[in-house]
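# Examination of the molecular architecture
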Amino acid sequence: MIGHRGASALRPEHTLASYAKAIADGADFIEPDLVCIKDGILVARHENNIADTTDVADHPEFASRKATKVIDGENVTGWFTEDFTLDEIKRLRARERLGPLRPESHGFDGQFQIVTFEEIAEFVAAEARAHGRLIGVIPEIKHSTYFATIGIPLEQRVLDRLHASPYLCTAPVILQSFEVSNLKWLRERLDGLRNVQLMQLTVPGAKRPADLAAKGSGASFDDLHKPAGLAEIATYADWISPYNLALVPRDKDNRLAAQPSGLVANAHEAGLLVSSWTFRPENYFLPADFRNASGDAARNPAGSIAEIRRYLELGLDAFFTDDPALGREAVDGTRLKA
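Residues numbered from 1 in each chain as written. Predicted model: local features only at pLDDT ≥ 70, side-chain atom pairs only at ≥ 80, totals over all residues. Heavy atoms only, no water.

### A look at helix H14 (residues 324-332)
- With respect to burial, H14 is a largely interior element, seven of its nine residues being buried.
- Those residues of H14 that sit buried are Pro324, Ala325, Leu326, Gly327, Arg328, Glu329 and Ala330.
- Buried residues along H14 sit in contact with strand E1 (2-3), helix H1 (16-24), helix H13 (301-312) and strand E13 (320-321).
- After H14 finishes, the residue glycine 333 shows a positive phi value of roughly 80°. (Buried < 20%, exposed > 50% of the residue type's maximum accessible area, 1.4 Å probe, protein only. Helix = DSSP H or I, 4+ residues; strand = E, 2+ residues; numbered from the N terminus. Contact = heavy atoms within 4.5 Å.)

### Observations concerning the pattern of salt bridges
- The tally for this structure, following the rule as stated, stands at 27 salt bridges.
- Here aspartate 25 makes a salt bridge to lysine 21, at a shortest N to O gap of 3.6 Å. The exposure classification of aspartate 25 matches that of lysine 21, with both residues buried.
- Glutamate 61 is paired through a salt bridge with arginine 91; the nearest N and O atoms lie 3.8 Å apart. With a gap of 30 residues between them, glutamate 61 in the loop between strand E4 (42-44) and strand E5 (67-71) and arginine 91 in the loop between helix H2 (86-89) and helix H3 (103-106) connect regions that are remote in the sequence.
- When its relative accessible area of 39% is taken as the criterion, glutamate 61 is described as partly exposed.
- Here the salt bridges share partners, and the residues they tie into one network are Arg102, Arg280, Glu282 and Asp322. (Salt bridge = Lys/Arg side-chain N within 4 Å of Asp/Glu carboxyl O.)

### A word on the pairing of strand E6 (residues 74-78)
- Judged from the five bridges that link them, E5 and E6 form a sheet pairing that is antiparallel. Residue pairing in the sheet places alanine 67 in a bridge with glycine 78 of E6.
- The antiparallel pairing of E5 with E6 creates a hairpin that spans two residues between the two strands, and aspartate 72 there sits at a positive phi of about 50°. (Pairing = 2+ DSSP bridges.)

### Points about the packing of aromatic side chains
- Taken as a whole and assessed by the stated rule, the structure comprises nine aromatic pairs.
- A ring pair is formed by phenylalanine 62 and phenylalanine 84, whose centres lie 5.0 Å apart and whose planes are at 75°; its orientation type is edge-to-face. With a gap of 22 residues between them, phenylalanine 62 in the loop between E4 and E5 and phenylalanine 84 in the loop between E6 and H2 connect regions that are remote in the sequence.
- For phenylalanine 84, a relative accessible area of 0% translates into the label buried.
- Summarising the aromatic geometry, the rings of tyrosine 284 and phenylalanine 285 are spaced 5.0 Å apart at their centres and angled 85° between planes, so their arrangement reads as edge-to-face.
- Of the residues examined, phenylalanine 285 reaches a relative accessible area of 23% and is grouped as partly exposed.
- Counting every residue linked through ring pairs, the aromatic cluster contains Phe178, Phe221, Tyr243 and Trp277.
- Here arginine 65 stacks its cationic end above the ring of phenylalanine 84, 5.1 Å away from the centre of that ring.
- The ring of phenylalanine 285 carries arginine 280 above its face, with NZ or CZ at 5.2 Å from the centroid. (Phe/Tyr/Trp six-rings, centres within 6.5 Å; stacked < 30°, edge-to-face > 60°. Lys NZ or Arg CZ within 6 Å of the ring centre and 35° of its normal.)

### Considerations on the side chain of histidine 143
- By the secondary structure assignment, histidine 143 is in the loop between strand E8 (140-141) and helix H5 (144-149).
- Those residues in contact with histidine 143 that sit more than four places away from it in its chain are Glu47, Asn48, Ile71, Asp72 and Glu179.

Below, the structure written as structure tokens:
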């Protein structure tokens, strides 16, 4: 069970507080999304655009750095990690991305720093000792092709950090990406890191992964979900992790389809482990089958647990959740004490 960006339903995502809450609530893995700053240092942010997840807009000294850039073929306006040094990014504080939809997390706005991958590794090692169990780390390499085009490729930096960390040299690590070429590159360079697996992230649809789209050729995500695509993924990755709706679609009334897509079984047949993303505890995100009458913004723990269990029936090997305490209860029926 994977703490998606930590316990991001309860604490601002990608902060040590979020990771600590996920670990305390029983997560087997915590997930840092990795982007790069101007110094070439890896930091944890869901996107390199930090407009929605930090207080950068409140810093007049950084007002002139607001820009519009083309990221993975789309125009994006905001402030970007690659334009900040470590000293500068440490002046910022994290904010809840979903605002009023997550009032508990929103209440922690402004309290926590942006953290580096090195700091995360040291923190998880300390938490593992304190809790007396291994805690895995599942970094997502974000916007690989984009960062390569601006001269700060991410993959070697990730490998260097793994080799530099005594904990990450032995603890379970899964490197994930929506792109294909970087996973193939990594597969050839994992000698000495037998604790590391690779995960191909996917979405349903005809869109291509960003690296293949940049080349103007190659498989779409739908192609990757077909038997031939799954067989190809199995040549370079250990896992496939599709968006939930690729496993069980929803109908026009936002209800789960009676029959799953068959992707889990087909991926297993190809020799892949299967995860899915992401289970969230608010009614707003739940299929109609599991919502209650408390309104879109209401937390619905029972509904979230029921949804996770519906997907676990497919034979998932892992799953991402924004609320690891509910994920733990879904798996083993135990609600951990706060």
